[in-house]
Amino acid sequence: MIRSVTHATLHIDRVFDCTPARLWRAFSDPAQKAAWACHETWTMKEMTFAVGGREISGGSDPGGPYWAFDGTYLDIVPEQRFVVAYTMRRDGVPVSASIITWLVAPHARGCVLRFTDQGAYLDGHADPVEREAGSGVGLDNLEQLLRAERDAAA
Amino acid sequence: MTAVTHATFCLERVYDAAPARVFHAFTDKEARSRWFFQVGAWTLHRHSGGALGVGEAESSAFSPPGADVVITNDSLYMDVIENQRLVFAYQMTVAGKPISASLATVEFRPQGAGTRIIFTEQGAYFDDPGQVAGREEGTRELLEALAAELEGRVRVRIPQADRTIESYETPA
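Chemist: Where do I start with the side chain of Asp 123 of chain A in this structure?
Modeler: Locating Asp 123 of chain A in the fold gives a position in the loop between β7 (110–122) and α3 (128–153). The class of Asp 123 of chain A is buried, set by a relative accessible area of 13%. Side-chain polar atoms of Asp 123 of chain A contact the side chain of Arg 3 of chain A, separated by 3.0 Å. Excluding anything up to four places from it in sequence, Asp 123 of chain A contacts Met 1, Ile 2, Arg 3 and Ser 4 of chain A together with Arg 85 of chain B.

Chemist: Would you explain the environment of Trp 42 of chain B in this entry?
Modeler: Residue and element names in this part refer to chain B. Following the sequence through the fold, Trp 42 ends up in the loop between α2 (29–35) and β2 (43–49). Classification of Trp 42 as partly exposed rests on a relative accessible area of 27%. Each C-alpha atom, one on Trp 42 and one on Ala 67, is 9.1 Å from the other, the two residues being 25 residues apart in sequence. Not counting residues within four places of it along the chain, the set of residues in contact with Trp 42 comprises Phe 37, Phe 62, Ser 63, Pro 64, Pro 65 and Ile 71.

Chemist: How should I be thinking about the environment of Arg 25 of chain A in this particular structure?
Modeler: Looking at the secondary structure, you find Arg 25 of chain A in helix α1 (residues 20–28). Given the relative accessible area of 40%, Arg 25 of chain A is considered partly exposed.

Chemist: I'm lost on the pattern of salt bridges in this one. Help?
Modeler: Pairs can form between side chains of opposite charge once their charged atoms are near each other. All chains considered together, the criterion is met by 25 salt bridges over all chains. Its salt-bridge partner being Asp 17 of chain A, residue Arg 150 of chain A comes within 2.7 Å of it at the nearest N-O pair. Taken together, the residues Arg 150 of chain A in helix α3 and Asp 17 of chain A in the loop between β1 (5–16) and α1 connect sequence positions 133 residues apart. Of the charged contacts in the structure, one is a salt bridge between Arg 54 of chain A and Asp 70 of chain A, with a shortest N-O distance of 3.0 Å. Here Arg 54 of chain A is found in strand β3 (residues 54–59), whereas its partner Asp 70 of chain A is found in strand β4 (residues 67–77), with 16 residues between them in sequence. Residue class for Asp 70 of chain A comes out partly exposed when judged on its relative accessible area of 22%. Within this structure, Arg 3 and Asp 123 of chain A together with Asp 79 and Arg 85 of chain B form a network of salt bridges that share partners.

Chemist: Explain the packing of aromatic side chains here, please?
Modeler: In this description, a pair of aromatic rings is defined by centroid distance and the angle of the planes. One pass over the full model with this rule turns up 21 aromatic pairs over all chains. Measuring from ring centre to ring centre gives 5.8 Å for Trp 24 of chain A and Phe 49 of chain A, while their planes differ by 80°; the resulting arrangement is edge-to-face. Here the residue Trp 24 of chain A occupies a position in helix α1, and Phe 49 of chain A occupies one in the loop between β2 (42–47) and β3, the gap between them amounting to 25 residues. For the ring pair Phe 26 of chain B and Phe 108 of chain B, a centre distance of 5.7 Å and an interplane angle of 90° mean the geometry is edge-to-face. Residue Phe 26 of chain B is found in helix α1 (residues 19–27), and its partner Phe 108 of chain B is found in strand β6 (residues 97–111); the two are separated by 82 residues along the sequence. Classification of Phe 108 of chain B by relative accessible area gives buried; the value is 3%. By way of ring pairs, the aromatic residues Trp 24, Phe 27, Trp 36, Phe 49, Tyr 73, Phe 82, Trp 102 and Phe 115 of chain A are connected into one cluster. Positioned above the aromatic ring of Phe 36 of chain B is the side chain of Arg 32 of chain B, whose terminal nitrogen or guanidinium carbon lies 4.4 Å from the ring centre.

Calculation criteria
- Residues numbered from 1 in each chain as written.
- Chains lettered and ligands numbered in written order.
- Predicted model: local features only at pLDDT ≥ 70, side-chain atom pairs only at ≥ 80, totals over all residues.
- Heavy atoms only, no water.
- Helix = DSSP H or I, 4+ residues; strand = E, 2+ residues; numbered from the N terminus.
- Buried < 20%, exposed > 50% of the residue type's maximum accessible area, 1.4 Å probe, protein only.
- Polar contact = N/O pair within 3.5 Å; in protein donor to acceptor, adjacent residues only side chain to side chain.
- Contact = heavy atoms within 4.5 Å.
- Salt bridge = Lys/Arg side-chain N within 4 Å of Asp/Glu carboxyl O.
- Phe/Tyr/Trp six-rings, centres within 6.5 Å; stacked < 30°, edge-to-face > 60°.
- Lys NZ or Arg CZ within 6 Å of the ring centre and 35° of its normal.

This is the structure in structure tokens:
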């Protein structure tokens with residue numbers, strides 16, 4: 001088998017209409033994280049938000065392959081930043097290894113999230129364009145969750 | 001917002017040894033204590049783990065020659081294909097303060113009878129952006145130290161009037 005690696009860096013910036021502390025809970029609290037990062041076919045198996053702690057989730061569409069996310073938190077500065085290293089596997093085959101830096105800061109309209117994914121895509125099994133789209137969908141879900149909460153409080 | 005600099009650098013080096021030998025020297029605990037941790041020149045306070053396998057971790061604490069500052073390195077193997085590829089994430093601290101989190105991809109490719117290493121680091125460097133150049137230079141030095149390890153050369157420190165020169169030499 002010919003081995004290959006494609007390296008790519010993805011940046012996504014999002015402004016949220018909430019405090020940095022509120023946004024931080026959406027990342028650090030396992031139930032809240034699952035509420036936006038998981039769905040009917042994707043479940044959280046384990047999450048310990050601490051340096052060295054793991055985040056393990058996965059799922060599959062009917063008849064499709066099983067996708068597994070296996071993450072380890074490398075760095076946490078409360079309400080400011082955290083870094084997670086993770087691999088993605090498709091039916092057990094590693095398709096990528098990456099680190100994501102999540103940066104949170106106050107903003108005139110609430111707070112801003114700067115998401116940076118630095119990835120190594122392995123043996124042609126995954127590509128950064130799909131990954132960027134998938135990450136964007138997760139952040140859309142997060143935005144909807146926070147908007148629904150704000151509307152309910154209004 | 002805390003300052004974070006994201007950067008990628010890529011270094012290549014050709015070794016006059018087969019991929020299996022280079023891969024072994026890169027990952028073997030005893031070999032690493034020589035070329036990576038530079039025991040003898042640096043002070044290695046602790047070094048644990050380092051078994052070869054996905055999910056395995058290596059944790060270490062060390063100080064540079066003549067200095068008291070403690071540096072730590074915690075690495076996690078994320079992809080291991082023996083004699084071909086190693087991907088690991090690592091986090092470093094200096095004097096208790098986190099300075100970086102990185103993803104390193106090391107490709108071992110046959111080149112003639114030897115091996116070409118392609119080392120790619122994708123890093124998040126905290127606070128001081130000057131770290132990027134320093135990390136690249138430090139990694140280049142490590143790849144040189146790996147060459148010395150493979151050639152049986154040893155690190156020597158040669159005291160001069162005003163400084164110490166570090167070099168490698170072949171034992172007689």
